[in-house]
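Here are the chains, one letter per residue:
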Amino acid sequence: RRSTTRMSDQMAATFNQRTLDTAALEDLEDILIMADLGTDVATKVCANLAADKFDKTVTDLEIKVALAETISDIMTPLETPFVLGLARPQVILFVGVNGSGKTTTLGKIAKRFGDQGQKVLICAADTFRAAAVEQLTVWGERAGAPVMSGKPGADAASLVYDAMNRARDEDYDILMIDTAGRLQNRTELMDELAKIIRVIEKTDPSAPHHSVLVLDATVGQNALLQVEAFKQTANVSGLIMTKLDGTAKGGVLVALSDKYKLPIHFIGIGEGIDDLETFSAPVFAAALSGVADAVSRK
Amino acid sequence: MFEALGDRLTGVFDTLTGRGALSERDVDAAMREIRKALLEADVALPVVKDFVAKVRTETVGEKVIRAVKPGQQVVKIVNDALIQMLGGTLSDDDADMAAVRKSAELNLNAKPPVVILMAGLQGSGKTTTTGKLALFLKDRAKKKVMLASLDTNRPAAMEQLGMLAEKSGAGFLPIIKDQSPTEITTRALKEAAKGGYDVLFLDTAGRTTINEELMADVIAVARIAKPTETLLVADALTGQDAVETARRFNDALPLTGLVLTRIDGDGRGGAALSMKAVTGLPIKFLGTGEKLDGLEAFDAERLAGRILGQGDVVALVEKA
Ligand SMILES: Nc1nc2c(ncn2[C@@H]2O[C@H](COP(=O)(O)OP(=O)(O)OP(=O)(O)O)[C@@H](O)[C@H]2O)c(=O)[nH]1
Ligand SMILES: Nc1nc2c(ncn2[C@@H]2O[C@H](COP(=O)(O)OP(=O)(O)OP(=O)(O)O)[C@@H](O)[C@H]2O)c(=O)[nH]1
Ligand SMILES: [Mg+2]
Ligand SMILES: [Mg+2]
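Residues numbered from 1 in each chain as written. Chains lettered and ligands numbered in written order. Predicted model: local features only at pLDDT ≥ 70, side-chain atom pairs only at ≥ 80, totals over all residues. Heavy atoms only, no water.

Caption draft 1: Spotlight on the overall build of chain A. The helix and strand tally for chain A stands at 12 helices and 10 strands. A compact globule built from 298 residues would reach a C-alpha radius of gyration of about 19 Å, and chain A, at 21 Å, matches this within 12%. Its C-alpha atoms give chain A principal-axis dimensions of roughly 65 × 40 × 35 Å. Placing the 31 positive and 40 negative side-chain charges of chain A at their respective mean positions leaves the two points 3 Å apart. (Helix = DSSP H or I, 4+ residues; strand = E, 2+ residues; numbered from the N terminus. Rg over C-alpha atoms; globule rule 2.2 N^0.38 Å. Lys, Arg positive; Asp, Glu negative; His and termini not counted. Charge placed at Lys NZ, Arg CZ, Asp CG, Glu CD.)

Caption draft 2: Structural context of the pattern of salt bridges. Throughout the structure, instances matching the rule amount to 25 salt bridges over all chains. For Arg248 of chain B, the salt bridge goes to Glu244 of chain B, with nearest N and O atoms at 2.8 Å. A residue pair is termed a helical-turn pair when its members lie 3 or 4 positions apart in one helix, as Arg248 of chain B and Glu244 of chain B do in helix α11 (residues 242-252) at 4 residues. Given a relative accessible area of 8%, Glu244 of chain B falls into the buried group. Taken together, the shared-partner salt bridges connect Arg186 and Glu188 of chain A together with Asp264 and Glu290 of chain B into one network. (Salt bridge = Lys/Arg side-chain N within 4 Å of Asp/Glu carboxyl O. Buried < 20%, exposed > 50% of the residue type's maximum accessible area, 1.4 Å probe, protein only.)

Caption draft 3: Quick look at the site of ligand 2. What surrounds ligand 2 is a group of 25 residues, the closest being Gly125, Lys126, Thr127, Thr128 and Arg154 of chain B. Near ligand 2, the surrounding residues belong to chains A and B. Here Gly206 of chain B contributes a backbone N or O atom positioned 3.4 Å from an oxygen atom of ligand 2. In this structure, Arg262 of chain B approaches ligand 2 through a side-chain N or O atom, which is 2.8 Å from an oxygen atom. In isolation ligand 2 exposes 650 Å². Once the protein is present, 96% of that is buried. (Near = heavy atom within 4 Å. Polar contact = N/O pair within 3.5 Å; in protein donor to acceptor, adjacent residues only side chain to side chain. Areas by Shrake-Rupley, 256 points an atom, 1.4 Å probe, with all protein chains shown as cover.)

Caption draft 4: Spotlight on the packing of helix α2 (residues 24-40) of chain B against helix α3 (residues 45-59) of chain B. All names here are of chain B. Remark: α2 packs on α3, axes separated minimally by 10 Å, with the N-to-C direction vectors making an angle of 145°. Read as a crossing pair, α2 and α3 show a hand that is right-handed. Contacts from Glu24, Val27, Asp28, Met31, Ile34, Arg35, Leu38 and Leu39 in α2 reach Leu45, Val48, Lys49, Phe51, Val52, Val55, Arg56 and Thr59 in α3. In terms of residue class, the contact of α2 with α3 is made up of 10 nonpolar, 1 polar and 5 charged. (Axes fitted to C-alpha atoms, helices over the stretch in contact; angles between N-to-C directions. Left-handed = near helix turned anticlockwise from the far one by under 90°. Contact = heavy atoms within 4.5 Å. Nonpolar A, V, L, I, M, F, W, Y, C, P; charged D, E, K, R; others polar.)

Caption draft 5: Summary view of the site of ligand 1. In the region of ligand 1, 24 residues are neighbours, and Lys102, Thr103, Thr104, Asp245 and Glu271 of chain A sit closest. Neighbouring residues of ligand 1 are not confined to a single chain but are spread across chains A and B. Residue Gly99 of chain A places a main-chain N or O atom 2.8 Å away from an oxygen atom belonging to ligand 1. For ligand 1, whose accessible area on its own is 650 Å², the fraction buried by protein is 96%. Tallying contributions element by element places helix α5 (residues 102-115) of chain A first for the shell around ligand 1, with 4 residues. Taken together, the residues of the shell around ligand 1 sort by class into 2 nonpolar, 14 polar and 8 charged.

Structural data, given as structure tokens:
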């Protein structure tokens, strides 16, 4: 697991054979903080570890395994495959802050559904950013799905309205809607998103069937505010974290899991169309805690 | 959710008012609050540790002990230290203030076309910032600016920059398919010179620092282009990874400055401090929106207040 090697190296350096005392726990807490878990969750995870291991002599691997277990326990209930419901068309909405990876991730998932024989329509509801439509059009071609777009600056909600009707009239299985990036504290932009959702609900009260918040792995504690706001406006039903192929470890996902308990569907591990993995709590936990590296080195 | 440092410290010091002297325990408690506030603001842990050590020495001094409201006094110490670490100055001296302003300016002191190379992680805001800076130089400095996209990776990246060139009134290097970033660089240098441009922006593809192939690409571009400015464009919402990313880009490229984008968000922006601390580079600009006028000159005082979750720290302390 490339993304977490450094954390595991730090673990190895810190815990060779030592007593799990207060100093050791502090070191461990530091490592978790450096992975963006945030101080509260890092403290909590350490406290859980201390509960049954305090003052025992432990090895590097033992502590990694215990840490992985603690993190995995928090996240396993949230490990949720991306499953389509029965209603047709299934409406899947992608939301998130600017540059988090919405468009790319939508393209990757469209390809998966296309490969499964689903008939997919893509709606380019980012009518704002320069060349957003052109970018999504390339992804549509790669995934083999048509892309519906409007004029630059057009009203995103009315485009979504047209897409909803077309998806229904032309018997699409899935309608995937890409939205413009927006920071959650920009009220006027969040209102625009609320309007898009109202239009979707009006056409099909059961939609959107999935409202996916796309998060960048490099993000820090602001992710908590992002989830809070997008949950409120877009009724987020699940999370995807991108860019876990870089040096960032995405530890804030643990904090989010602890607080919001939202399903986690996928992780993004590159810019290619296949660089998407189903989220697995034990794998993520093993990577974050360094167990994965310790085992593969043996 | 995120409590301002002032409020945290008021709690710690409340019991102290009237007692006069700070014990070792009081200072420890204050330092813990400072550490937590900075971590919640996403300042990287190693930077937090250095910072707290520095502030502790000042806090055990006379001033705080005598202060009527030691909490506010400590906030001021922290605030001043932050301003200095962010590259600002506490001095009112004209020469000092001018020096600070100058460090945040773009250096265009070279034979035209002056080359400015833009680098950073995927989605950090490089292309948008390129458009913003083009508009800024054209309007404020009356420069003739050309934009060239070396992003052969992201779908429609070149079209995106082309549209921003049009919007900002800058020239744009025509797209020729299947050229490599270094080939485009050579062509851009030639065309910018031929067209009599003052400034040439090279917008690169986003890359993670552990992608050796892509890092080698941008290093090769820098070698050919010999940029006068190489700006690392980073997201102000970045967490602890800021240190690693800044260090790795700084090791690979001749960086001259930092740009923090999405400062219009409600993130605390601690990444700015982390990146400044590990690279020593000046923060030159802040991105304040998606539009091309969403650009601000860097202001250390404002950012310090933001990291601490305090509006106007000076006013607060005067009240104290
Ligand atoms: N390394 C890496 N890059 C990614 C990943 N996912 C997306 N990216 C890159 O991140 C950048 C931004 O991705 P987009 O899909 O355009 O993000 P967006 O959220 O649609 O952006 P806006 O629409 O501008 O808000 C692009 O350069 C993508 O190639 C990933 O998992 N790993
Ligand atoms: N709110 C806000 N959005 C910004 C700012 N700067 C850039 N953006 C947005 O961030 C997203 C990504 O910006 P780009 O300029 O495409 O980023 P990039 O670094 O060129 O991305 P890649 O080329 O894919 O690596 C877009 O949606 C921009 O509109 C800013 O200061 N504030
Ligand atoms: Mg997009
Ligand atoms: Mg770009």
